[in-house]
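Report on the structure
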Amino acid sequence: MTKPVRNVLYIMCDQLRRDYLSCYGHPHLHTPNIDRLAAAGVRFSRAYTQGTICGPSRMSAYTGRYVSSHQVAWNAVPLPLDELTIGDYLRPAGIRTALVGKTHATPNSDAQQRLAMAPDSVQAQQLNEVGFEAYFRHDGLFPDDPVFDGKREGAPYTHYLRGLGYAGKNPWHDWANAAAGENGEILSGWKMRHSHLPARVPEQHSETVYTTDRAIDFIGEQGEQPWCLHLSYIKPHWPYIAPAPYHALYGAEQVLPAVQPAQISDHPVYAAFRQHEESRNFSREEVRLNVIPTYMGLIKQVDDQLGRLFDYLQSNGRWDDTLIVFTSDHGDFLGDHYLGEKEFLLEQAVGVPLIVRDPRPAADITRGTVDDRLAETIDALPTFLEALGLPAADHRLEGRSLVPLLHGATPNWRKYAIAEYDYAFQAPARERLAQPIDRCRMYMVRSERFKYLAYDGYRPQLFDLQNDPQELHDLGVDPAYSAVREEHQGYLFDWLRGLKRRTTISNQEIDVRGQRFRYGEPEEEKMVPIGVW
């Protein structure tokens, strides 16, 4: 039997497209340290997020369950109190489970009040942090709005910057995510026209460096205590602004041409999303040429910092006993398909990098390989449990452990991957389509060859990813593909039926009870032959 790993390092970037890494084929953006991890582990070429914005996607990662199951349909939606997360599975086994960086978790204050839970209790704090010990939480993205004042003032990065002399009400914005004008004025990083300028803060004080420092601090403090660290970088998520020299490493000549179909689909939901302000902005070439080099620079900075971290792990022996998973929560359209941001279920948004390094000898057979099987964000937690030698929780978890794949096995694998999005929260698209709030769902079914997109109240879309990997030709109404559409609609219904709603009793306990109670079966010695009655 393979000995369990001791530690888990779960690295997540925010809004990182998988095709913006050199190991995934980007011709200009070289990421040697992420490539180094891929060379030491397995790179999954077809991994998918379950939700294309931060909150839903991350809650799927932390619970191992689909969005329809954990119910966090959008940002700032709290997780139900009875959902278990990574820490709930690992802490009872004596594994310290900590966060450095972002989670986008929202406290379920209403439910806690109904249970008369003290807001400052240990139990409430664990629930507020979705099961993590918040060693250093940094969600950033605090606009100048009074509703965020408390969060901003309590943020460790705010205190760090002020301790270095960076003044102002919001140093996260005014220094780390803003540039300086010719007369010293603050040029907000929220405005993409400033993306080509360097951030006011020097690189050594930027949030990516500070986050890496805190991760190294945490690992160094553990000694022989087993741990799981979720290292969650806020970049390359907007504001698109980078510290020097990363703001100037790439130029317009290294920006790849936009993926834009010659004949734009007339699908109503797609058309509504193309009308969003961010989509209209990113459809302009001057915006893409100004923003994307900075997006690349932010990724390069993360890669350099991961090099520091990996060197540290190798120097203190933790490289040899730590399972490392690298991924992102979702992608970024960057003008592809005339879209900005990440909400629509095309490849640029739903496709995420996934690299897994298992340090054990059993994984030597797959080191440096590429696995083309369909993987999902929800596979991380079951992988952690199996690698750590902990119970599988099959009655709750909807993902699948990747450990057999890492060890060279060929199990019966999934036929399709699923992603979801609820655009009820996006008033512009919903109102433009005149859709009721409860009828704004879209689903992706990604099979080996095809991608099927289903919508409430609208026709589906279908793409042949084998012959059309850029999703330029919508086959949603092509009569030649009616059987394929019907097949994928069947997959969607099969998935919906298979969601795990019975979460309060394990499969093992059900089996024991079933063996104990067999109604209607008399004891053998009391059986009466047929006809005697």
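Look above for the structure.
So, here is what we can say about the structure in this document.

1. Considerations on the overall build of the chain
The secondary structure content of the chain amounts to 19 helices and 14 strands. By the compact-globule yardstick of 24 Å for 533 residues, the chain fits well, its C-alpha radius of gyration being 24 Å. For the chain, the spread of C-alpha atoms along the three principal axes comes to 105 × 60 × 50 Å. Counting across all 533 residues of the chain, residues that qualify as buried make up 58%. Within the chain, contacts between residues at least 6 apart in sequence are counted, and of these 73% link residues at least 24 apart. Approximately 22300 Å² of the chain is accessible, and the part contributed by carbon and sulfur atoms is 52%. Taken together, the 56 basic and 70 acidic charged side chains of the chain have centroids lying 1 Å from each other.

2. Quick look at the sheet that holds strand β12 (residues 441–447)
Pairing within the open sheet is antiparallel, and its 4 strands lie in the order β11-β12-β13-β14. A single partner strand is all that each edge strand has here, and the edge strands are β11 (416–422) and β14 (458–464). Going from strand to strand, the sheet's axes swing by 15° on average, the running direction of each strand aside. Pairing between strand β13 (residues 450–455) and β14: 5 bridges, direction antiparallel. Each bridged residue has a counterpart across the sheet, and for Leu453 the counterpart in β14 is Gln461. Lying over the sheet, helix α18 (residues 482–498) contacts β11, β12, β13 and β14, oriented at roughly 110° with respect to β12.

3. Considering the packing of aromatic side chains
Evaluated as defined, the whole model comprises 25 aromatic pairs. Here Phe136 and Tyr210 contribute two aromatic rings whose centre-to-centre distance is 5.0 Å and whose plane-to-plane angle is 90°, an arrangement assigned as edge-to-face. Remark: Tyr210 occurs in helix α10 (residues 207–221) and Phe136 occurs in strand β4 (residues 133–137); sequence separation between them is 74 residues. The rings of Tyr270, Phe273, Phe344, Tyr421, Tyr423 and Tyr455 are connected pair by pair, giving a single aromatic cluster. It is Arg18 that lies over the ring of Tyr48; its NZ or CZ is 5.1 Å from the centre. Its end group placed over the ring of Tyr24, Arg43 keeps NZ or CZ at 4.7 Å from the ring centre.

4. Some remarks on the pairing of strand β7 (residues 227–236)
Most of β7 sits out of view: 10 of its 10 residues are buried. Two strands pair when backbone bridges link them, and strand β1 (residues 7–14) and β7 are joined in this way by 6 bridges, in the parallel orientation. The partner of Leu9 across the bridge, within β7, is Leu229. Where strand β3 (residues 96–101) and β7 come together, 6 bridges link them in parallel fashion. Bridge pairing links Leu99 to His230 in β7.

5. Thoughts on the nonpolar core
Grouped together as the largest cluster of nonpolar side chains are 56 residues, with contacts concentrated most on Leu9, Ile11, Tyr20, Leu229, Leu231, Leu306 and Phe326. Among residues more than four places away in sequence, those in contact with Leu231 are Leu9, Tyr10, Ile11, Met12, Val100, Thr211, Ala215, Leu306 and Leu309. Ranked by size, the runner-up nonpolar core spans 41 residues in total, among them Val72, Ala105, Ala387 and Leu397.

6. Things to note about helix α1 (residues 32–40)
What α1 keeps buried is the set Asn33, Ile34, Leu37, Ala38 and Ala40. The arc enclosing the buried residues of α1, seen along the axis, measures out at 165°, which places them on a common side. Along its buried surface, α1 packs onto β2 (42–48), α13 (285–315), β8 (322–328) and β9 (351–357).

7. Concerning unusual backbone geometry
Cis geometry marks the peptide bond from Lys235 to Pro236; its omega dihedral reads 10°. Mapped onto the fold, Pro236 is located in strand β7. Cis rather than trans, the peptide bond between Ala244 and Pro245 has omega equal to 5°. Inspection of the secondary structure assignment puts Pro245 in the loop between β7 and α11 (268–274). The backbone of Ala434 sits at a positive phi, close to 55°, despite the residue not being glycine. If you trace the backbone, Ala434 turns up in the loop between α17 (427–433) and β12. A residue is classified by how much of its surface remains accessible, and Ala434, at 63% relative accessible area, is exposed.

Conventions used here
- Residues numbered from 1 in each chain as written.
- Predicted model: local features only at pLDDT ≥ 70, side-chain atom pairs only at ≥ 80, totals over all residues.
- Heavy atoms only, no water.
- Helix = DSSP H or I, 4+ residues; strand = E, 2+ residues; numbered from the N terminus.
- Rg over C-alpha atoms; globule rule 2.2 N^0.38 Å.
- Buried < 20%, exposed > 50% of the residue type's maximum accessible area, 1.4 Å probe, protein only.
- Contact = heavy atoms within 4.5 Å.
- Areas by Shrake-Rupley, 256 points an atom, 1.4 Å probe, with all protein chains shown as cover.
- Lys, Arg positive; Asp, Glu negative; His and termini not counted.
- Charge placed at Lys NZ, Arg CZ, Asp CG, Glu CD.
- Pairing = 2+ DSSP bridges.
- Axes fitted to C-alpha atoms, helices over the stretch in contact; angles between N-to-C directions.
- Phe/Tyr/Trp six-rings, centres within 6.5 Å; stacked < 30°, edge-to-face > 60°.
- Lys NZ or Arg CZ within 6 Å of the ring centre and 35° of its normal.
- Core = buried A, V, L, I, M, F, W, Y, C linked by side-chain atoms within 4.5 Å.
- Arc of directions from axis to C-beta.

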